[in-house]
Amino acid sequence: MVTKKLLQVALFSVWVMVQQSYAADSATPGRAPDWPFDVTTLAAPDGSVTAKFVSFGATMTELWVKDRDGKARDIILGYDDNTELLTDPAHPVFNPVVGRYANRIRNGTFSIPITKDPQGNGPNVFHIPTNDHDGQDTLHGGIYGWDRRNWTIVEKSKTSVAYFHLDDADEGFPGVVKAYATHSVENGGILRTTIHATASEKTPIMLTQHVYWNLDAFQGSENILEHKLHVDGSRVVAVDGDAIPTGPFIDVEGTPFDFRTTQAIGARWNDTVNLCGSGCQGYDNCWIYDKSEERTPGLSLWSDVSGIRLDVTTDNPAVQVYTAYWLDTPRKKVHGGPSLNYTKWSAVAIEQEGYIDAINTPEWNVDQIYYPGKDFHWETTYKFSTIE
């Protein structure tokens, strides 16, 4: 959990950063006057998908797909006022690109080459501001990671938008990283995001797109416990009380983590107490895919209420599934807000990612260090259809 003081400091720091960017960039030719909260709408020619994005965090703010009756529903969480992506002190991380290093970093510290135990201060030891579990770890890239940075549109059409972000050793990470994120929609219910990043020197990069899904859009149900979930993964990363990997993997056989055979998310709900942390009920865990999921879905999610089905293919080796236990944020109007809140289990965040905190777990032999000549690439495709 993030302390109130940390939240206040973080919010003020981000506010200052954004105000400085406004002042420096308000006259930039071609930049929208409401940047970085300028809305770009993408629509598939066949009407199967309509998505909206803002430059702040390269964030998706709305996603409309058709249910089994042909009615469009906005199936992701968010705000009616997109400036709350910056100002909401709860910072639920609604649907942005997350980096430079997604998920958690133990003690906010790593070294290059990586080590199991933290080294003393030195030229190859890096300290990132901690912002989670009362300062025990860094979550999603630091106090203001890529999700709270101003990206710039570099290319746009009716069906795609490309954003650029320059990470100039922000938050204490080494070197400069240049990142391009492209969102696109296609006929047949396709939404795709690709991210390409280059580094000026050795640095860890591990990204995700932190999307909160409710496939009913709060029409006919109030939570995702009856959503059906399939995950092609027989291992889950074992973590401690601060959600930091301890090294081993959990075999999902015979546990509430086993979604190799499709189950309702809430099918074994009584068995999920404390799985996502002390006193938490539900999931906030990292599954390791059993194989490459670039051609066949590594994860599928659907609702019998709306009939909407989501199939995810990705070049990532892992996926974090978070059932939003800590969520308490006013809903969009289209979801019944603002008098009603998004609360625990209102949605499921599905984050395609690398092995979490592999930069502090060398026994996995997972290389997440990038440098000139070794670029980072991330790609995920979301395919929507309907079930009867």
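Residues numbered from 1 in each chain as written. Predicted model: local features only at pLDDT ≥ 70, side-chain atom pairs only at ≥ 80, totals over all residues. Heavy atoms only, no water.

What follows deals with the pairing of strand S21 (residues 284-288). Extensive coverage of S21 is indicated by the burial of five of its five residues. Across the two faces of S21 the burial is the same, with Asp-284, Cys-286 and Ile-288 and Asn-285 and Trp-287 all buried. Pairing of strand S18 (residues 235-239) with S21, which is carried by two bridges, proceeds in the antiparallel orientation. Bridging across to S21, Val-236 finds its partner in Trp-287. Two strands pair when backbone bridges link them, and S21 and strand S24 (residues 318-322) are joined in this way by five bridges, in the antiparallel orientation. Bridge pairing in S24 links Ile-288 to Ala-318. (Buried < 20%, exposed > 50% of the residue type's maximum accessible area, 1.4 Å probe, protein only. Helix = DSSP H or I, 4+ residues; strand = E, 2+ residues; numbered from the N terminus. Pairing = 2+ DSSP bridges.)

This next bit is on the sheet that holds S21. What holds strands together in a sheet is hydrogen bonding between their backbones, with the strands either parallel or antiparallel. Read across the open sheet, the six strands follow the order S16-S27-S24-S21-S18-S19; overall the sheet is antiparallel. Whereas interior strands pair on both sides, the edge strands pair on one side only; in this sheet they are strand S16 (211-213) and strand S19 (245-251). Direction aside, neighbouring strands of the sheet carry axes that sit 30° apart on average. Bridging between S18 and S19 involves four bridges; their strand directions are antiparallel. Each bridged residue has a counterpart across the sheet, and for Val-237 the counterpart in S19 is Phe-249. (Axes fitted to C-alpha atoms, helices over the stretch in contact; angles between N-to-C directions.)

This part covers the packing of aromatic side chains. Summed over all chains, the structure comprises 25 aromatic pairs. Just above the ring of Tyr-371 sits the side chain of Lys-202; from NZ or CZ to the centre is 6.0 Å. (Phe/Tyr/Trp six-rings, centres within 6.5 Å; stacked < 30°, edge-to-face > 60°. Lys NZ or Arg CZ within 6 Å of the ring centre and 35° of its normal.)

Moving on: the environment of Trp-378. Summarising the element assignment, Trp-378 is placed in strand S29 (residues 376-386). Assessed through its relative accessible area of 0%, Trp-378 is described here as buried. Spatially, the C-alpha atoms of Trp-378 and Gln-209 are 9.7 Å apart, while their sequence positions differ by 169 residues. Those residues in contact with Trp-378, other than ones at most four positions away along the chain, are Thr-193, Thr-194, Ile-195, Leu-207, Thr-208, Gln-209, Asp-315, Asn-316 and Gln-352. In terms of polar contacts, Trp-378 uses its side chain to reach the side chain of Asn-316, at 3.2 Å. (Contact = heavy atoms within 4.5 Å. Polar contact = N/O pair within 3.5 Å; in protein donor to acceptor, adjacent residues only side chain to side chain.)

Here we take up the pattern of salt bridges. Enumeration according to the criterion identifies 19 salt bridges in this entry. In this structure, Lys-332 engages Asp-74 in a salt bridge whose closest nitrogen and oxygen atoms are separated by 2.6 Å. Remark: Asp-74 occurs in strand S4 (residues 72-74) and Lys-332 occurs in the loop between strand S25 (329-330) and strand S26 (341-342); sequence separation between them is 258 residues. Judged on exposure class, the residue Lys-332 and its partner Asp-74 are both buried. Among the salt bridges present, the one from Arg-192 reaches Glu-379, with a minimum N-O distance of 3.6 Å. Of this pair, Arg-192 sits in strand S13 (residues 190-199) while Glu-379 sits in strand S29, and the two are 187 residues apart along the sequence. The class of Glu-379 is partly exposed, set by a relative accessible area of 28%. Connected via shared salt-bridge partners are Arg-104, Asp-132 and Asp-137. (Salt bridge = Lys/Arg side-chain N within 4 Å of Asp/Glu carboxyl O.)

Take the state of the cysteines next. Applying the stated criterion across every chain, the model contains one disulfide. There is a disulfide in this structure between Cys-276 and Cys-280, and the S-S distance comes to 1.8 Å. Its torsion about the S-S bond being -95°, the disulfide of Cys-276 and Cys-280 is classed as left-handed. Exposure remark for Cys-276: the relative accessible area of 12% places this residue in the buried category. By relative accessible area, which is 0% here, Cys-280 ends up buried. Left unpaired, Cys-286 is separated from the closest cysteine sulfur, that of Cys-276, by 15 Å. Under the relative-accessibility criterion, Cys-286 is labelled buried at 2%. (Disulfide = S-S within 2.5 Å.)

This brings us to the nonpolar core. Core analysis: the biggest nonpolar cluster contains 60 residues, and Leu-63, Trp-213, Trp-287, Leu-299, Leu-301, Tyr-382 and Phe-384 have the highest contact counts within it. The residues contacting Phe-384, other than those within four sequence positions of it, are Val-49, Leu-63, Val-65, Ile-75, Gly-188, Gly-189, Leu-191, Trp-213, Ile-308, Arg-309 and Leu-310. (Core = buried A, V, L, I, M, F, W, Y, C linked by side-chain atoms within 4.5 Å.)

What follows covers the pairing of strand S27 (residues 348-353). A regular strand carries its side chains on alternate faces of the sheet. The element S27 is extensively covered by neighbouring structure, given that six of its six residues are classed as buried. Burial along S27 is two-sided: Val-348, Ile-350 and Gln-352 and Ala-349, Glu-351 and Glu-353, pointing in opposite directions, are all buried. Of the pairings in the sheet, the one linking S16 to S27 comprises three bridges and is antiparallel in character. Its bridge partner lying in S27, Val-211 is registered against Ile-350. As paired elements, S24 and S27 share five bridges and run antiparallel to each other.

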